[in-house]
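# Residue-level structural notes
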Amino acid sequence: MRFSINIPNFGDFADPRNVATVAAAAEQAGWDGLFVWDHVLHRRHQGRPFGDPWMLLTAAALATSRIRLGALLTPVPRYRPQQLARQVATLDHLSGGRVIFAAGLGGPIEDEYGSFGDAAEPRLLAERLDEGLEVLRRFWTGEPVNHHGRHYEVRDVTLLPATAQQPGPPVWIGGFWPHRAPMRRAARWDGAVPLFETARHGHVPDMEEVQELVSYVRKHRTDETEQPFEFVLGGATSPDPAKARDVIGPLHDAGVTWWDERQVQSDPGLDRLLPVLRRIEAGPPVI
């Protein structure tokens with residue numbers, strides 16, 4: 001099992017220098033990854049400064065040499081695929097092939113899309129997500145791309161450089177369980193990053209739901225390659241190793257491969273540097 005730190009892209013973490021500090025501390029303390037949020041607008045947290053996630057991850061890449069990096073998660077329908085492909089490829093080269101690309105619809109949908117006059121209908125956004133992922137995967141190869149889809153048009157375009165990782169970075173898919181469609185989508189890619197209707201950000205999900213989700217995704221896996229498939233869950237654990245082990249041990253036994261350490265969203269220290277650094281310096285849980 002591997003362990004990551006999860007931080008928002010607002011508050012103290014809107015400053016790339018603070019994100020670089022967090023990334024360096026996480027690497028030194030033995031964590032395996034750092035993930036940042038990707039929000040343009042989240043009215044629940046309005047009044048705080050927000051930072052661009054790709055600039056924040058650039059700072060993290062320059063401050064580290066080992067840990068994996070990415071946005072958790074990237075709302076693909078909010079981007080133009082060519083712009084996103086460039087950003088991911090640039091970061092992948094800068095980091096020496098350490099990017100993980102986690103994708104989904106993002107949200108809150110009305111905040112992130114409707115506020116800017118964009119479509120806010122989930123079914124339409126899901127179509128753009130699926131088509132956008134296919135276009136991104138083709139761009140990342142560095143080969144010529146022609147695409148004529150419902151939402152995107154590409155006419156004989158080659159984007160170089162290709163990503164350092166080939167045929168591209170690992171793609172994880174997020175979504176809320178027990179909604180089945182996002183997890184069927186995840187089964188077609190490299191990992192699942194579920195949130196749970198019964199356990200929101202920072203809260204540990206119920207074991208029975210975790211087992212049901214893992215079984216469902218495995219049932220829908222059709223990729224027979226040797227590429228590992230990741231199950232990524234998160235929540236807040238105690239820095240006390242025994243208490244953390246009590247939480248994470250059963251999840252590991254159920255098939256979870258990454259634990260993403262997240263503060264509870266209502267925690268007033270969610271977007272503050274010092275509480276996060278204290279948790280990082282205590283080190284990841286030991287299984």
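Structural data are supplied above this passage.
Everything in this summary refers to the structure shown in the same document. (Residues numbered from 1 in each chain as written. Predicted model: local features only at pLDDT ≥ 70, side-chain atom pairs only at ≥ 80, totals over all residues. Heavy atoms only, no water.)

On to the pattern of salt bridges, then. Under the criterion given, the structure shown has 18 salt bridges. When the shortest N-O distance is used, the salt bridge between Arg48 and Asp271 registers 2.6 Å. Placement of Arg48 in the loop between β2 (33–36) and α2 (53–62) and of Asp271 in the loop between β11 (258–261) and α9 (273–281) is noted, with a sequence separation of 223 residues between them. Judged by relative accessible area, which is 32%, Arg48 ranks as partly exposed. Judged by its relative accessible area of 1%, Asp271 falls in the buried class. A salt bridge links Asp130 to Arg188; the shortest N-O distance between them is 3.4 Å. Of this pair, Asp130 sits in helix α5 (residues 122–140) while Arg188 sits in the loop between α6 (180–187) and β9 (191–196), and the two are 58 residues apart along the sequence. Several salt bridges share partner residues, and in doing so they unite Asp12, Arg48, Asp271 and Arg272 into one network. (Salt bridge = Lys/Arg side-chain N within 4 Å of Asp/Glu carboxyl O. Helix = DSSP H or I, 4+ residues; strand = E, 2+ residues; numbered from the N terminus. Buried < 20%, exposed > 50% of the residue type's maximum accessible area, 1.4 Å probe, protein only.)

Here the focus is the nonpolar core. Grouped together as the largest cluster of nonpolar side chains are 65 residues, with contacts concentrated most on Ile5, Ile7, Val22, Leu34, Phe101 and Leu133. The biggest single contributor to this core is α5, with six residues. Here Val22 is in contact with Ile5, Ile7, Phe13, Leu34, Leu273, Val276, Leu277 and Ile280, once residues within four sequence places are set aside. Among the nonpolar cores identified, the runner-up in size contains nine residues, and Phe35, Ala102, Val193 and Val232 belong to it. (Core = buried A, V, L, I, M, F, W, Y, C linked by side-chain atoms within 4.5 Å. Contact = heavy atoms within 4.5 Å.)

This next bit is on the packing of helix α3 (residues 81–94) against α5. For the pair α3 and α5, interaxial distance at closest approach is 9 Å and the crossing angle is 45 degrees. When the axis of α3 is compared with that of α5, the two are oblique. Crossing handedness for the pair α3 and α5: right-handed. Residues Pro81, Gln82, Leu84, Ala85 and Val88 of α3 touch α5, and the partners they reach there are Val135, Leu136, Phe139 and Trp140. (Axes fitted to C-alpha atoms, helices over the stretch in contact; angles between N-to-C directions. Parallel < 35°, antiparallel > 145°, perpendicular 65-115°, else oblique. Left-handed = near helix turned anticlockwise from the far one by under 90°.)

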